[in-house]
Amino acid sequence: MRRAIQNMTANIAGILEDSRPSVYLYGSAAMEDFRPGWSDLDILALTQVQITPEQAGKLLFLRQEMLEKEPENLYYRSFEGGMLDLPSFLGGRLSRVVYWGTRGQRVMNAYSLDSFCLTELLEAGVLLHGPKIRGQLAKPRFEDLRADVAAHLRTIRQHGGETGRSFYTFGWLLDIARGLYTLKTGRVASKTAAGEWALKNRLCPDADALETALKVRREPLLYQNDSAVFDYAGTLAPKIQEFADILEKELRLSGEATE
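The rules behind each value
- Position numbers for residues count from 1 along each chain, tracking the sequence in the order it is written.
- Two thresholds apply to this predicted model, a pLDDT of at least 70 for residue-level local features and 80 or more for giving and counting side-chain atom pairs, whereas whole-chain, interface and lining totals are computed over all residues.
- The side-chain values count all of the structure's non-hydrogen atoms but skip hydrogen atoms and water molecules.
- Going along the chain from the N terminus, every DSSP run of H or I of four or more residues is numbered as a helix, and every run of E of two or more is numbered as a strand.
- Computation of the radius of gyration draws on C-alpha atoms alone. For the globule rule, the value is 2.2 Å times the number of residues to the power 0.38.
- Type-normalised accessible area, obtained with a 1.4 Å probe on protein chains alone, sets the label of each residue: buried when under 20%, exposed when over 50%, and partly exposed for intermediate values.
- Note on contacts: a residue pair is in contact if any heavy atoms of the two residues lie within 4.5 Å.
- Per-residue and other accessible areas were derived by the Shrake-Rupley procedure at a 1.4 Å probe size, with only the shown protein chains allowed to occlude residues.
- Charge counting follows a simple rule: Lys and Arg are positive, Asp and Glu are negative, and His as well as the terminal groups are ignored.
- A charged residue contributes its charge at one atom only: NZ of Lys, CZ of Arg, CG of Asp or CD of Glu.
- Classification of ring pairs rests on two measures: the distance between centres of Phe, Tyr or Trp rings, Trp counted by its six-membered ring, which must be within 6.5 Å, and the angle between planes, read as stacked under 30 degrees, edge-to-face over 60 and tilted in between.
- pLDDT runs from 0 to 100 and stands for how confident the predictor is about each residue.
- If DSSP finds at least two bridges between two strands, the strands pair.
- Simply put, an axis is a line fit to the C-alpha atoms, just over the touching stretch for a helix, and the angle between two N-to-C directions goes from 0 to 180 degrees.
- By definition here, a salt bridge exists when the distance from a side-chain nitrogen of Lys or Arg to a carboxyl oxygen of Asp or Glu is within 4 Å.
- For this analysis, a polar contact is any N or O atom pair within 3.5 Å, provided that within protein one partner can donate a hydrogen and the other can accept it, and provided that sequence-adjacent residues contribute only side-chain to side-chain pairs.
- Roughly parallel covers angles under 35 degrees, roughly antiparallel covers those over 145, roughly perpendicular covers 65 to 115, and oblique covers all other angles.
- Three classes are used, and their members are as follows: Ala, Val, Leu, Ile, Met, Phe, Trp, Tyr, Cys and Pro are nonpolar, Asp, Glu, Lys and Arg are charged, and the others, Gly among them, are polar.

1. Looking at the overall build of the protein chain
Argument step 1. On a plain count of helices and strands, the protein chain comes out with 12 helices and 6 strands.
Argument step 2. Taken against the 2.2 N^0.38 rule, which gives 18 Å for 259 residues, the C-alpha radius of gyration of the protein chain at 19 Å falls within 12% of a compact globule.
Argument step 3. Along the longest, intermediate and shortest principal axes, the C-alpha atoms of the protein chain span 55 × 50 × 25 Å.
Argument step 4. Within the protein chain, the proportion of its 259 residues that are buried is 51%.
Argument step 5. Taking the contacts inside the protein chain whose residues are at least 6 apart along the sequence as the reference set, 69% of them involve residues at least 24 apart.
Argument step 6. Of the roughly 13,000 Å² that the protein chain leaves accessible, carbon and sulfur atoms contribute 48%.
Argument step 7. Once the 32 positive and 34 negative side-chain charges of the protein chain are each reduced to a mean point, those two points are 2 Å apart.

Here is the structure:
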């Protein structure tokens, strides 16, 4: 993983050299919770001037090009994030953005981080290249974190009612635990740490489900061909919604406390 991060950073910095980039690693890798087969390598590249069309063209398919050169290094598949100029990122203005996501890549005209990702960047982000710029970023307020928890709860209600045979089914449980941790402490924790905290504090109505989610989270490659684990994942929809009920209750309480 280290080699992939170093090589990717060098290539991004080389392409954006004339625009004076700062490249950061944040998310699970920066919080020591990266799990091959599950996690992403989240990066943010912020330049002093707008990215040119030529630079955007070179960045767009860089992940695939590097994987072709080193097909044995599968970490190149895991990179996700955004690349744009710092003034537009700070001001929320339209600009030229190169976006890498799970389902592909594209050039966009706007990009931002939610309050959880921004908190991760500010508190645990690793500067990979360029000048420090985190001092120019405003730390999210509790109200911002609470709003993102509420938005995620709506997603869980909409899409977590039916579950498939996937690692990401277990992710719903860990996401709920993470939301509870933030509402109760005002801080942001990794998914694994939040799940362990919720289990210790007996917050999940079905401890076995959360325990299994943590077991799979810690070693996803060990379970990638375990049909029994994936069969179990397909039964978790009711348990996810029961745990979401706990999150919804805490969300109401936290709102009353701030009124």
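And the narrative resumes.
2. Re the environment of Arg63
Argument step 1. Note that Arg63 resides in helix 3 (residues 62–69).
Argument step 2. Of the residues examined, Arg63 reaches a relative accessible area of 8% and is grouped as buried.
Argument step 3. Setting aside its immediate chain neighbours within four residues, Arg63 contacts Met8, Tyr76, Phe79, Glu80, Trp100, Gly101, Gly104 and Gln105.

3. A word on the packing of aromatic side chains
Here the distance between the centres and the angle between the planes together describe a pair of aromatic rings.
Argument step 1. In total, this model carries 6 aromatic pairs according to the counting rule given.
Argument step 2. Between the aromatic rings of Tyr99 and Tyr111, the centroid separation amounts to 6.1 Å while the plane-to-plane angle is 45 degrees, which identifies the pairing as tilted. Taken together, the positions of Tyr99 in strand 4 (residues 97–101) and Tyr111 in the loop between strand 5 (104–108) and helix 5 (115–124) put the pair 12 residues apart, joining distant regions of the chain.
Argument step 3. By relative accessible area, Tyr111 is classed as buried at 15%.
Argument step 4. Arranged with centres 5.1 Å apart and planes meeting at 90 degrees, the rings of Tyr181 and Trp197 form a pair that is edge-to-face.

4. Description of the confidence of the model for the protein chain
Argument step 1. For the protein chain, the average pLDDT comes to 94, and 98% of its residues sit at 70 or higher.
Argument step 2. Within the protein chain, helix 12 (residues 237–258) has the poorest average pLDDT of any element, 89, and strand 6 (residues 126–129) the best, 98.

5. As for the pairing of strand 5
Argument step 1. Judged from the 5 bridges that link them, strand 4 and strand 5 form a sheet pairing that is antiparallel. The partner of Tyr99 across the bridge, within strand 5, is Arg106.

6. Some thoughts on the sheet that holds strand 3 (residues 79–85)
Argument step 1. As summarised here, the arrangement of the 6 strands in space is 5-4-3-2-1-6, forming an open sheet in which the pairing is mixed. In this open sheet, the two strands that pair with only one neighbour each are strand 5 and strand 6. Strand-to-strand twist across the sheet, computed as the mean angle between neighbouring axes with direction ignored, equals 20 degrees.
Argument step 2. Across 5 bridges, strand 1 (residues 22–26) lies against strand 2 (residues 41–47) in antiparallel orientation. Within strand 2, the residue paired with Tyr26 across the bridge is Asp42.

7. Details of the pattern of salt bridges
Argument step 1. Evaluated as defined, the whole model comprises 12 salt bridges.
Argument step 2. Notably, a salt bridge pairs Arg157 with Glu248, separated by 2.6 Å at the nearest N-O pair. Note that Arg157 is positioned in helix 6 (residues 142–159) and Glu248 in helix 12, a separation of 91 residues in sequence.
Argument step 3. What makes Glu248 partly exposed here is its relative accessible area of 30%.

8. Details of the side chain of Glu250
Argument step 1. Here Glu250 is to be found in helix 12.
Argument step 2. Within the local environment of Glu250, its side chain forms a polar contact with the side chain of Lys184, the two groups lying 3.2 Å apart.
Argument step 3. Sequence-distant contacts of Glu250, defined by excluding residues within four places in its chain, comprise Leu180, Leu183 and Lys184.

9. Points about the packing of helix 5 against helix 6
Argument step 1. Direction vectors running N to C along helix 5 and helix 6 enclose 130 degrees, while the axes themselves pass 8 Å from each other. Viewed along their axes, helix 5 and helix 6 adopt a mutual orientation that is oblique. From helix 5, Ser115, Phe116 and Thr119 reach across to helix 6, where they touch Asp144, Leu145, Asp148 and Val149.
Argument step 2. Considered class by class, the residues forming the contact of helix 5 with helix 6 number 3 nonpolar, 2 polar and 2 charged.

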